[in-house]
Amino acid sequence: MAECIFCKIVSGEIPSKKVYEDDKVLAFGDLNPQAPVHVLIIPKKHIKSLDDINQEDVSLLGHIQWVAGKLAKDNNLPDGYRVVNNCGIDGGQTVAHLHYHLLGGRTFGWPPG
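Peer 1: Lay out the overall build of the chain with the relevant residues and their values.
Peer 2: Regarding its fold elements, the chain presents 2 helices and 5 strands. The helix and strand sequence of the chain, counted from the amino end, reads α-β-β-β-α-β-β. On C-alpha atoms alone, the chain measures out to a radius of gyration of 14 Å, which is about the 13 Å that the 2.2 N^0.38 rule sets for 113 residues. Looking at the 113 residues of the chain, the share that counts as buried comes to 39%. In the chain, of all internal contacts separated by at least 6 residues, the share reaching a separation of at least 24 is 55%. Carbon and sulfur atoms make up 53% of the accessible area of the chain, which amounts to about 6,900 Å² in all.

Rendered as structure tokens:
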């Protein structure tokens, strides 16, 4: 998608602070961190939101979960962390590209807000 900021990050057109990359996903530091550890995990394939996945994307979503756990270990978060996906405007999604926030390094409350 030519206008998608995350697709531009995947292509290298926009630089990022990469913390993980493989053939399926890219993970990088959030520009506006909400916790000491705040990493965005995005699929390289453009998918607008969780509402737009299909059956062929199931293994990709599982891979994203695996990457989140790996990054939590890599960032020494043994006491816990949060993985968040915002879906749609009312859900707080601000970039129309499926992404997950890995947050850690502090205590989180509930409800999340």
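So that's the structure; there's more coming.
Peer 1: Before we move on, can you summarise unusual backbone geometry with the specific residues and values?
Peer 2: In this structure, the amide linkage connecting W110 to the following residue, P111, adopts the cis form with an omega of 5°. The phi torsion at N76 lies on the positive side, around 55°, for a residue other than glycine. Secondary-structure assignment places N76 in the loop between α2 (58-74) and β4 (81-84). We classify N76 as exposed; its relative accessible area is 60%.

Peer 1: Which residues make up the nonpolar core, and what are the values?
Peer 2: One finds V39, I41, I64 and L71 to be the most contacted residues of the largest nonpolar core, which totals 18 residues. Sorting the residues of this core by element identifies β2 (25-29), β3 (37-43), α2 and β5 (100-104) as the ones contributing at least two each. Here this core takes 7 residues from α2, the largest share from any one element. Core analysis: the next-biggest nonpolar cluster, separate from the first, contains 9 residues, C7, L26, F28 and L40 among them.

Peer 1: So, the sheet that holds β5: which residues are in play, and what are the values?
Peer 2: Spatial strand order, β1-β2-β3-β5-β4: 5 strands in an open sheet with antiparallel pairing. Edge positions in the sheet fall to β1 (18-21) and β4, since each of these pairs with one other strand and no more. Going from strand to strand, the sheet's axes swing by 20° on average, the running direction of each strand aside. Summarising the sheet, β1 and β2 pair through 3 bridges and their orientation is antiparallel. Looking at β2, one finds that E21 is bridged to L26. Together, β1, β2, β3, β4 and β5 form the strand contacts of α2, whose direction differs from that of β3 by roughly 155°.

Peer 1: Tell me what's going on with the side chain of K8, and back it up with residues and numbers.
Peer 2: Along the polypeptide, K8 turns up in helix α1 (residues 5-11). If sequence neighbours within four positions are ignored, K8 has contacts with A2, E3, E13 and I14.

Peer 1: Help me get a handle on the layout of surface pockets, residues and values and all.
Peer 2: To find leftover empty space, a probe the size of one water molecule is rolled over the atoms. Empty space within the largest pocket amounts to approximately 710 Å³. Taken together, 31 residues make up the lining of the largest pocket; nearest its centre are D30, N32, H38, L40 and H101. Looking at the lining of the largest pocket, the elements that each hand over two or more residues are α1, β2, β3, β4 and β5. A per-element tally of the lining of the largest pocket places α1 first, with 3 residues. Classifying every residue of the lining of the largest pocket by side-chain character gives 14 nonpolar, 13 polar and 4 charged.

The rules behind the values
Residues numbered from 1 in each chain as written. Predicted model: local features only at pLDDT ≥ 70, side-chain atom pairs only at ≥ 80, totals over all residues. Heavy atoms only, no water. Helix = DSSP H or I, 4+ residues; strand = E, 2+ residues; numbered from the N terminus. Rg over C-alpha atoms; globule rule 2.2 N^0.38 Å. Buried < 20%, exposed > 50% of the residue type's maximum accessible area, 1.4 Å probe, protein only. Contact = heavy atoms within 4.5 Å. Areas by Shrake-Rupley, 256 points an atom, 1.4 Å probe, with all protein chains shown as cover. Core = buried A, V, L, I, M, F, W, Y, C linked by side-chain atoms within 4.5 Å. Pairing = 2+ DSSP bridges. Axes fitted to C-alpha atoms, helices over the stretch in contact; angles between N-to-C directions. 1 Å grid on protein atoms, 1.4 Å probe; cavity = no way out; pocket = protein on both sides within 12 Å on 5 of 7 lines; lining within 4 Å. Points joined across faces, edges and corners; volume = space filled by probe spheres on them. Nonpolar A, V, L, I, M, F, W, Y, C, P; charged D, E, K, R; others polar.

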